[in-house]
Amino acid sequence: GVHRQILFTTVGWFVGYYLTKRTEYIHAKLDRELFEYVRQHPEDFKAAEKRRIGELLEDFHPVR
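Here's what I pulled together on the structure shown here. (Residues numbered from 1 in each chain as written. Predicted model: local features only at pLDDT ≥ 70, side-chain atom pairs only at ≥ 80, totals over all residues. Heavy atoms only, no water.)

## Structural notes on the packing of aromatic side chains
Move 1: Enumeration according to the criterion identifies 3 aromatic pairs in this entry.
Move 2: Consider the rings of Trp-13 and Phe-14, whose centres lie 5.1 Å apart with planes at 85 degrees: the pair is edge-to-face. Across the pair, exposure class does not vary: Trp-13 and Phe-14 are exposed alike.
Move 3: Arranged with centres 5.4 Å apart and planes meeting at 15 degrees, the rings of Trp-13 and Tyr-17 form a pair that is stacked. Linking Trp-13 with Tyr-17, this pair stays in helix H1 (residues 2-40), spanning 4 residues, or about one helical turn.
Move 4: A relative accessible area of 53% means that Trp-13 is categorised as exposed. (Phe/Tyr/Trp six-rings, centres within 6.5 Å; stacked < 30°, edge-to-face > 60°. Buried < 20%, exposed > 50% of the residue type's maximum accessible area, 1.4 Å probe, protein only. Helix = DSSP H or I, 4+ residues; strand = E, 2+ residues; numbered from the N terminus.)

What follows is the structure, given as structure tokens:
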């Protein structure tokens, strides 16, 4: 009946909330570890030189 629907909805909401919080924690932990690695090894992550958009795109040749 209706009480089961309310029960399953509540349980599903709590499980979803827990899983969302867990994935956010895992991603935050991974980000923290990666940023710390980048901070400790700057020679591996040199800043790239800035290029104009024209240098990034290929020349356009229309097909007829």
